[in-house]
Amino acid sequence: MKKKQMVLWMACAAAAFMAACGQKAETRSSGQEADQETGQEGGQEGSQEAVRDDVIVVMGPTSEPEAGFDPAYGWGAGEHVHEPLIQSTLTVTTPDLKIDYDLATSMEASEDGLTWTVDIRGDVRFTDGEPLTAEDVAFTYNTMRDTSSVNDFTMLKEAEAVDEDTVVFHMERPYSIWPYTMATVGIVPEHAYGPDYGQNPVGSGRYMLKQWDRGQQVILEANPDYYGEAPAMKKVTILFMDEDAAFAAVRSGQVDLAYTAAQYSDQEVDGYQLLSFETVDNRGFNLPAVEPEDREGLPLGNEVTSDIAVRRAINLAVNREEMIQNVLNGYGTPAYSVCDKMPWYNEAAQVEFDPEQAKTILEEAGWLEGTDGIREKDGVQAAFTLMYPAGDSVRQALAADTANQLKQIGLNVAIEGVGWDEAYDRAQSEPLMWGWGAHTPMELYNIYHTAPDSSLAGYSPYGNPAVDAYMDEALASSDLEASYELWKTAQWDGQTGVTQQGDIPWIWLVNIDHLYWAKDHLKVAEQKLHPHGHGWSIVNNVDQWSWDEME
């Protein structure tokens, strides 16, 4: 998926780092200043100190919310979904990515799927003391419908507060996975919402925004009136740094947890351990699945990848485990779909690395080796360009590894770094290395379902009416968990689908583990499978983190 392109001057990283250093007393509980030279807690040998209840976390610069902490403009939602912390949500996802309640106490869909009735708690107040009611919930969702710049709310006709603690969602069309949307939308107060809300958010969540220094840091403090279990971590400071600056901050001992990349994973840092969390943050590339044509001046389709034999051969010829070792230093898992390990994943997507079978498939389809080792069929050489987003070293390395592996079966793949301003259009006729992964089956829909008023999907030309029908039926279901089976069937029903035995219009390579340097005494709570985006997901449950007592 598209990444925001941003240049982080080293001065900004240094400023953020110095801000963290210069605010040691501010970012720790009273009496817990760090020793300036060692970076360890307390400078006196044998001194007794209280266990800390604050944490300093480093994220990448693209994790800073450009529009602030307004759910309408990406906070908690969009490409990198996470729990909004400052606001409450109606539902939450559990560690196994099923649905549980937050503000909601019950929910029910009508048989036709066109209404959702949700009851909410009556004991919740915003941080300004005003009660949170169904009117605020309705206002939030109607505002999202009308103004959201990141999420699709076209399925919502209207949210209606029928009494103080009951809201009814009237839908334009059935949408069985609505509870997953409710898990990402932070509830805002109607009485305190305006153009500057993103900079001065009022919420009812576990934390309150105390300070935001753009380009440097965000400081969150525990909400003393939170209706749930009181956060164990009372203060959370988020610093925004690039990878090099983040690692420098770790080595100097000035931060408690920092994101990092696989290239640093073979390092050792005194006082820190490397944490690795599994994800559905996958990398893979599309294979335009239709014959070439020109559509309104835009090249569409590809004469090589439109052959299903080529697509099936590629899927078998990719050694995913080798890629994990070569590119990710061992920190990743093989990817066979956009939704590995999710409740709606169909295991029929999994294949074994089998380059010999890949060669056989190509031979039987008429793709024969030339004198140069590259295959040809009917005068067409088995060659194409695999693009990757310029500046993304991991996707570049995956593209290069893919090209090297596919050469072994007679395919000639050139790689090219491109900007996102041209990548989307060119992906209609050439493969592109993408990043996807979300806590919702809608990811399948967005990739494989045909676009409105079109016979082809939006991100890469492909269409299958049977696949469309299964996903439409899944969305129309009035039973969320029952719909999981329909999403699985859309992937493969025994005769058709998007897996190896079906149309295989995308090749999935790896799920990238999210890596973090964490201080030895920091106890990070159990993590859910992280979605796409190496950012705020890590602090979804920061309220449950704790520190061991120092010996």
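In this text, all values refer to a predicted model and were calculated from it rather than measured experimentally.

## Things to note about the overall build of the protein chain
Summing up its helical and strand segments, the protein chain has 12 helices and 26 strands in all. Oriented by its inertia axes, the alpha-carbon framework of the protein chain measures out at about 75 × 60 × 40 Å. Residues counted as buried form 57% of the 551 residues belonging to the protein chain. Taking the intrachain contacts of the protein chain between residues at least 6 apart in sequence as the baseline, contacts between residues at least 24 apart amount to 69%.

## Section: the sheet that holds strand β6 (residues 156-163)
Spatially, the four strands line up as an open sheet ordered β4-β5-β7-β6, and their pairing is antiparallel. In this open sheet, the two strands that pair with only one neighbour each are β4 (104-109) and β6. If you compare each strand with its neighbour and ignore which way they point, the axes differ by 20° on average.

## Some thoughts on the side chain of N540
Mapping N540 onto the fold places it in the loop between β25 (522-523) and β26 (546-547). Looking at N540, the relative accessible area reads 9%, which means it is buried.

## Section: the sheet that holds strand β22 (residues 433-436)
Strand order in the open sheet formed by four strands is β16-β23-β13-β22, and the pairing between neighbours is antiparallel. The open sheet has two free edges, formed respectively by β16 (332-334) and β22, since each of these has just one partner strand. On average, each strand axis in the sheet is tilted by 30° relative to the strand beside it, whichever way the strands run. As defined by bridge partners, β16 adjoins strand β23 (residues 506-512) across three bridges and the pair is classed as antiparallel. Each residue of the ladder has a partner; that of G332, found in β23, is I512. This element, helix α6 (residues 320-328), spans β16 and β23 of the sheet and lies at about 50° to β23.

## A closer look at helix α8 (residues 393-407)
Here α8 spans 21 Å end to end across 15 residues, near enough to the 21 Å set by a 1.5 Å rise per residue. Inspection of α8 places R395, L398, A399, D401, T402, A403, Q405 and L406 among the buried residues, and these make up the whole buried set. Capping of α8 at its N-terminal end is provided by D392; its side-chain oxygen lies 3.2 Å from the backbone amide nitrogen of V394.

## Observations concerning empty space enclosed by the protein
Taken as a whole and judged by the stated rule, the model has one cavity of 30 Å³ or more. Taken as a whole, the largest cavity holds about 70 Å³ of empty space. When residues of the lining of the largest cavity are traced back to their parent elements, those giving at least two are α10 (442-448) and β23. Split into classes, the residues belonging to the lining of the largest cavity amount to nine nonpolar, four polar and no charged.

## Re the packing of α6 against α8
Packing of α6 against α8 leaves a shortest axis separation of 10 Å and a crossing angle of 135°. For the element pair α6 / α8, the angle class is oblique. The hand of the α6/α8 crossing is right-handed. Residues E322, M323, N326, V327 and L328 of α6 pack against V394, A397, L398, D401, T402 and Q405 of α8. Classifying every residue of the contact of α6 with α8 by side-chain character gives six nonpolar, three polar and two charged.

## Some words on unusual backbone geometry
At E296, a residue that is not glycine, the phi angle is positive and equals roughly 55°. Along the chain, the position of E296 falls in the loop between β14 (293-295) and β15 (298-300). For D378, which is not a glycine, the phi torsion comes out positive at approximately 55°. Within the element layout of this structure, D378 appears in the loop between β18 (375-377) and β19 (380-381). A relative accessible area of 76% places D378 in the exposed class.

## Here's the deal with the nonpolar core
Core analysis: the largest hydrophobic core is formed by 109 residues, its most contacted members being Y141, F169, W178, I314 and Y448. What F169 contacts, discounting residues up to four positions off in sequence, is L90, L114, T115, W116, V118, V137, Y141, L156, E158, A159, W178 and M182. Formed by 48 residues, the second largest nonpolar core is a distinct cluster that contains A222, I238, F247 and V542.

## Overview of the side chain of N302
As for its position among the elements, N302 is in the loop between β15 and α5 (308-317). Assessed through its relative accessible area of 10%, N302 is described here as buried.

## A word on the pattern of salt bridges
Scanning all chains against the criterion turns up 23 salt bridges. For R395, the salt bridge goes to D392, with nearest N and O atoms at 3.0 Å. Residue R395 shares its accessibility class with D392, and that shared class is buried. A network of salt bridges, in which partner residues are shared, links R52, D54, D256 and K519.

## Some words on the environment of D270
With respect to the helices, strands and loops of the structure, D270 is situated in the loop between β11 (257-260) and β12 (272-277). Residue classification places D270 among the exposed positions, given a relative accessible area of 75%. Considering only alpha carbons, one finds D270 and V250, 20 residues apart in sequence, at a separation of 9.5 Å.

## Here's the deal with a negative patch on the surface
Residues E135, D163, E164, D165 and E190 make up a contiguous surface patch of negative charge. Turning to its location among the elements, E135 is positioned in helix α2 (residues 134-147).

## Observations regarding helix α11 (residues 465-476)
If you check α11, its first and last C-alpha atoms are 16 Å apart, about what 12 residues at 1.5 Å a residue would give, namely 16 Å. A side-chain oxygen of the first residue of α11 lies 2.9 Å from the backbone nitrogen of A466; this N-cap is N464.

## Details of the packing of α11 against helix α12 (residues 480-491)
Packing of α11 against α12 brings their axes to within 8 Å, and their N-to-C directions diverge by 170°. One finds that α11 runs roughly antiparallel with respect to α12. Residue-level inspection shows V467, Y470, M471, E473, A474 and L475 of α11 in contact with α12, the latter providing S483, L486, W487, T489 and A490. Of the residues contributing to the contact of α11 with α12, the split by class is eight nonpolar, two polar and one charged.

## Here's the deal with the confidence of the model for the protein chain
Residues of the protein chain with pLDDT of at least 70 account for 90%, and the chain-wide mean is 91. Long-range and interchain partners of residues 1-47, a stretch whose pLDDT sits below 50, account for 87 contacts in this model, where long-range means more than four residues apart.

## Thoughts on the pairing of strand β8 (residues 207-213)
Taken together, the six bridges between β8 and strand β9 (residues 217-222) define a ladder with antiparallel strand orientation. Note that in β9 the partner of L209 across the bridge is L220. What sits between the antiparallel neighbours β8 and β9 is a turn of three residues, in which G215 has the positive phi angle 80°.

Cut-offs applied
- Counting of residues starts from 1 at the beginning of each chain's written sequence and follows it residue by residue.
- At least 70 in pLDDT is required for a residue's local features to be given in this predicted model, at least 80 for side-chain atom pairs to be given and counted, and no such filter applies to totals for whole chains, interfaces and linings, which use all residues.
- Side-chain numbers come from the whole structure's heavy atoms, not from hydrogens or water.
- Runs of E in the DSSP output that reach at least two residues are strands. Runs of H or I that reach at least four are helices, and both are numbered from the N terminus.
- Relative accessible area decides the class of each residue, using a 1.4 Å probe on protein chains only: under 20% of the type maximum gives buried, over 50% gives exposed, and in between gives partly exposed.
- Whether two residues are in contact is decided by their heavy atoms, any of which lying within 4.5 Å being enough.
- For two strands to pair, DSSP has to find at least two bridges joining them.
- The axes used here are C-alpha line fits, helices contributing only the stretch in contact, and every angle between their N-to-C directions lies in the interval 0 to 180 degrees.
- Every helix has an expected span of 1.5 Å times one less than the residues it contains.
- For this analysis, a polar contact is any N or O atom pair within 3.5 Å, provided that within protein one partner can donate a hydrogen and the other can accept it, and provided that sequence-adjacent residues contribute only side-chain to side-chain pairs.
- Using protein atoms alone on a 1 Å grid, points that fit a 1.4 Å probe yet trap it form a cavity, whereas open point sets bounded by protein on both sides within 12 Å along at least five of seven lines form a pocket; residues with an atom within 4 Å of a point count as lining.
- Grid points are joined across faces, edges and corners, and a volume is the space filled by probe spheres set on the points.
- Charged means Asp, Glu, Lys or Arg here, nonpolar means Ala, Val, Leu, Ile, Met, Phe, Trp, Tyr, Cys or Pro, and polar covers whatever is left, Gly included.
- Angles are sorted into four bins: roughly parallel if under 35 degrees, roughly antiparallel if over 145, roughly perpendicular if 65 to 115, and oblique for all others.
- For any helix crossing, the convention is left-handed if the near helix is rotated counterclockwise from the far helix by under a right angle, and right-handed if that rotation is clockwise.
- For this analysis, a nonpolar core means a set of buried residues of the types Ala, Val, Leu, Ile, Met, Phe, Trp, Tyr and Cys, connected via side-chain atoms within 4.5 Å.
- Note on definitions: salt bridges are taken to be side-chain nitrogens of Lys or Arg within 4 Å of carboxyl oxygens of Asp or Glu.
- Distance thresholds for patches are 9 Å for like charges and 5 Å for nonpolar side chains (Val, Leu, Ile, Met, Phe, Trp, Tyr), applied to residues having over 30% relative accessible area and no salt bridge.
- Only the protein chains shown count as cover for residues, with accessible areas throughout obtained via the Shrake-Rupley method and a probe of 1.4 Å.
- Lys and Arg are tallied as positive, Asp and Glu as negative. Neither His nor the chain termini are counted.
- Every charge is mapped onto a representative atom, which is NZ of Lys, CZ of Arg, CG of Asp or CD of Glu.
- Looking at any residue, its pLDDT shows the predictor's confidence there, from 0 to 100.

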